[in-house]
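Reading the structure
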Amino acid sequence: MPPKVHSTTYRTHTCGELRLSHAATTVTLCGWVFRIRPFGGMTFIDLRDRYGITQLVFNPQTDATLAEQAERLGREYIIQVTGQVVERSNKNPALPTGDVEVLVTRMQVLNASRTPPFTLEDQTDGGEELRMKFRYLDLRRRPLQQHLLQRHQVARAVREYLDGQGFVDIETPHLIKSTPEGARDFVVPSRLNPGQFYALPQSPQTFKQLLMVSGFDRYYQIVRCFRDEDLRQDRQPEFTQIDCEMAFVGREDVLQMFEHMVRHVFRRIRNLELTEFPRMSYAEAIRTYGTDKPDLRFGMTLHYLKDEYANLLGEHHFSVLDQAEVVAGISVPGAASFTRKQLDELTEFVRRPQIGAGGLITIRWQEDGSLKSSIDKYIAADTLLRYAEVLRARPGDLMLLIAGPASNTRRALSELRLELGRRLGLRSADDFRPLWVVDFPLLEYDAEQQRWAAMHHPFTSWHPDDDALLESDPARVRANAYDLVLNGVEIGGGSVRIHNRTDQMRMFRRLGLSEQEAEQKFGFILNAFEYGAPPHGGIAFGFDRFCSMIIANQEGIRDFIAFPKNNMGRDVMLDAPSDIDPELKKELGL
Ligand code: ASP
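Summary of the structure given here.

What follows covers the packing of helix α13 (residues 501–510) against helix α14 (residues 515–528). It is at 11 Å that the axes of α13 and α14 come closest, and there the two elements cross at 145°. Considering the relative orientation of α13 and α14, their crossing is right-handed. Contacts between α13 and α14 involve Arg501, Gln504, Met505, Phe508 and Arg509 from the first element and Glu515, Ala518, Glu519, Phe522, Leu526 and Asn527 from the second.

Now for the sheet that holds strand β3 (residues 52–58). The sheet built from five strands closes into a barrel, its strands ordered β1-β2-β3-β5-β4 with mixed pairing. For this sheet the average axis-to-axis angle between neighbouring strands, irrespective of direction, equals 55°. Bridge analysis of strand β1 (residues 26–39) against strand β2 (residues 42–49) gives seven bridges, and the strand direction is antiparallel. Opposite Trp32, over in β2, you have Arg48 as the bridge partner. Its contacts with the sheet place helix α1 (residues 64–71) against β1, β2, β3 and β5 (100–111), and it is angled at close to 70° to β5.

Take the site of the ligand next. In the neighbourhood of the ligand, 14 residues make up the surrounding shell, with Gln205, Lys208, Arg227, Gln241 and Arg497 lying closest. Lys208 has a polar side-chain atom sitting 2.6 Å from an oxygen atom of the ligand. Between His457 and the ligand, the recorded distance is 2.9 Å, taken from a side-chain N or O atom to an oxygen atom. The fraction of the free accessible surface of the ligand (270 Å²) that becomes covered by protein chains is 92%.

Moving on: the packing of aromatic side chains. For the structure shown, the criterion picks out 13 aromatic pairs. Measuring from centroid to centroid gives 6.4 Å for Phe459 and Phe508, while their planes differ by 90°, and the two rings are edge-to-face. Taken together, the residues span a long stretch of sequence, with Phe459 in the loop between β19 (451–454) and α12 (469–472) and Phe508 in helix α13 at a distance of 49 residues. The exposure class assigned to Phe508 is buried, which follows from its relative accessible area of 1%. Three or more aromatic residues link up through ring pairs in this structure, and these residues are Phe167, Phe258, Phe541 and Phe546. When the ring centre of Tyr304 is taken as reference, the NZ or CZ atom of Arg287 above it lies at 4.1 Å. Directly above the aromatic system of Phe298 lies the positively charged group of Arg417, at a separation of 4.0 Å from the ring centroid.

On to helix α10 (residues 381–390). An α-helical turn contains 3.6 residues, so a residue and the one three or four places further along point in the same direction. Among the residues of α10, those classed as buried are Thr383, Leu384, Tyr387, Ala388 and Val390. For α10, the arc enclosing every buried residue in end-on projection is 160°, short of the 170-degree limit, so these residues lie on one face. More than 90 degrees from the buried face of α10, the exposed residues found are Asp382 and Glu389. As for α10, its buried residues are in contact with β12 (303–306), α8 (319–323), β14 (361–365), β15 (371–373) and β16 (398–404).

Let's shift gears to the pattern of salt bridges. In the structure shown here, the tally under the stated rule is 46 salt bridges. In this structure, the salt-bridge partner of Glu76 is Arg48, at a minimum N-O distance of 2.9 Å. Here the residue Glu76 occupies a position in the loop between α1 and β4 (78–87), and Arg48 occupies one in strand β2, the gap between them amounting to 28 residues. One salt bridge in this structure joins Glu229 and Arg235, with 3.5 Å as the shortest N-O distance. Each of Lys341, Glu345, Glu419, Arg422 and Arg423 takes part in salt bridges that share partners, so that together they form one network.

Those residues of helix α7 (residues 282–289) that fall on the buried side of the exposure criterion are Tyr282, Ala285 and Tyr289. Projected down its long axis, α7 carries its buried residues within an arc of 70°, all on one side. Here the buried face of α7 lies against β11 (279–281), α11 (406–423) and β17 (434–438). In the stretch just after α7, Gly290 is the one whose phi turns positive, near 75°.

If you look at the biggest cluster of nonpolar residues, it comprises 41 residues, and the most contacted ones within it are Leu162, Phe258, Phe541 and Phe546. Per element, the largest residue contribution to this core is eight residues, and it comes from helix α6 (residues 251–270). Each residue touching Phe258, except ones within four places of it in the same chain, is listed here: Leu162, Phe167, Cys244, Met246, Trp436, Ile539 and Phe541. Judged by nonpolar contacts, the second largest core, of 25 residues, contains Val326, Ala335, Phe349 and Leu416.

Moving on, we come to the environment of Leu416. As for its position among the elements, Leu416 is in helix α11. Its relative accessible area of 0% is what places Leu416 among the buried residues. Considered as a pair, Leu416 and Ile355 are 61 residues apart in the sequence and their alpha carbons are 9.0 Å apart. Residues in contact with Leu416, not counting those within four places in the same chain, are Ile330, Leu346, Phe349, Val350, Leu360 and Leu400.

Our focus in this paragraph is the side chain of Ser331. Here Ser331 lies in strand β13 (residues 326–332). Its relative accessible area of 10% is what places Ser331 among the buried residues. Sequence-distant contacts of Ser331, defined by excluding residues within four places in its chain, comprise Met300, Leu391, Arg392, Ala393, Asp397, Leu398 and Met399.

Cut-offs used in this document
- Residues numbered from 1 in each chain as written.
- Predicted model: local features only at pLDDT ≥ 70, side-chain atom pairs only at ≥ 80, totals over all residues.
- Heavy atoms only, no water.
- Axes fitted to C-alpha atoms, helices over the stretch in contact; angles between N-to-C directions.
- Helix = DSSP H or I, 4+ residues; strand = E, 2+ residues; numbered from the N terminus.
- Left-handed = near helix turned anticlockwise from the far one by under 90°.
- Contact = heavy atoms within 4.5 Å.
- Pairing = 2+ DSSP bridges.
- Near = heavy atom within 4 Å.
- Polar contact = N/O pair within 3.5 Å; in protein donor to acceptor, adjacent residues only side chain to side chain.
- Areas by Shrake-Rupley, 256 points an atom, 1.4 Å probe, with all protein chains shown as cover.
- Phe/Tyr/Trp six-rings, centres within 6.5 Å; stacked < 30°, edge-to-face > 60°.
- Buried < 20%, exposed > 50% of the residue type's maximum accessible area, 1.4 Å probe, protein only.
- Lys NZ or Arg CZ within 6 Å of the ring centre and 35° of its normal.
- Arc of directions from axis to C-beta.
- Salt bridge = Lys/Arg side-chain N within 4 Å of Asp/Glu carboxyl O.
- Core = buried A, V, L, I, M, F, W, Y, C linked by side-chain atoms within 4.5 Å.

So, in structure tokens, the structure goes:
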């Protein structure tokens, strides 16, 4: 590798480079004027670039005109300065360059700047939309710069690992025919084929499978995907995946391979050794945590007083419990001391429309052994004590119960558990708990459309033991699919695939496609399966989220994408989507 060259015709060093060892040398720097401070008759400027900040000093005693010029500079002017590096009397240990400053003897303004519409400090005063409109300025801020630099490092670590394992980076097309992954397609009108459309890929799913048929054996791509989904907080209509596929593998091979990839990335980026990647079935996750993406950083699991298997409610006079399909709860260690107000807040929380529980039953088990509940009127203390036993509570704990339809109740308890975890500081930003969730159901019933839909996608194979159920009892068929969950966030998912025409046709039939429809939509892959398709499987990681989780242990991805879209799927900087030229519209036959 040729040596790294820092200096160019414009500069000898960067703003993050100078140390005491450079003292007495003459340097030329380029950068943005970050802060200007007059002090003791002199002007001090913090000059900033991607690499750091260097303090510049303009002394009117050395050059009065230059000092005056410096005073008149505005924030974000971009300048080139030459001067001598000297040791600072007043060192700044917070800056790597804090031991030195540059006594400027020459300056050139490379370009002026209007006053930025918000401050470019780490904590800015700009609102979301304004910052998005001026994204190029927002991206000058250190936290965003750091995120994108680290994102680059994550991509490098991923490539380093996958390259090392013999994966081949192969590009797949963006103008394709629809690949069903459960979302709507973005479409592109074809001028040369009037009235016809390409679809943008929701993922390279079918292509990567075809590459296995071609014999590439191990494929990956860090690739843009497009899904026209209903807007949810922090969903991006275009996003990036680490998309992978392997031939001659079963589930265990895939899990091992990618567990090691995640370990490798954590080592590289965080210098952290992840201890274990436990496995949990979908059914267990739903039952114990109320969600298929449990956050394992803390306990507070769900316990059931009533469900499809048992009714442990006992004697009571509270009809809400009898009418409920499920009565379940969590016990919050040491929270019996919560105030009335705190309990009211929790009740409000579960009643919010997004969560939708009817109410919250609270039972405080005081340290002195007495019980105080919101349903004292209806349920005697000894019955409550038995509830406490089921909920594995102890004196000093707070028990929270929800009664209602099974899936709502589980979801509400899951949200409540996360909220309490957050309030009690149990979701530590330094703690990383990966989890493989396995044995997903293959199919889910779409009540609206009155048909079965693939839970993952229609190329996922099923558990061989459940083969006979595909036609007779579809709800019970387990998929050969897996998700990787990290601290309650799904970061990846995949499956072992169907690789023969017969099973693929069975699946399409199960999904309600006729022979002709299947042939018309998926003929290419059905045909490919007839030419020696190897057993294969794979996975895709949502790269934006992968980065946000590894770098900052946070779910929000926007600050890890250079040019994201807003909650309405708009690029507010470009003002897209927008109308197109009527001429063009006509040409496209729209
Ligand atoms: N294509 C799938 C997805 O985007 C991932 C996979 O099955 O590999 O979710």
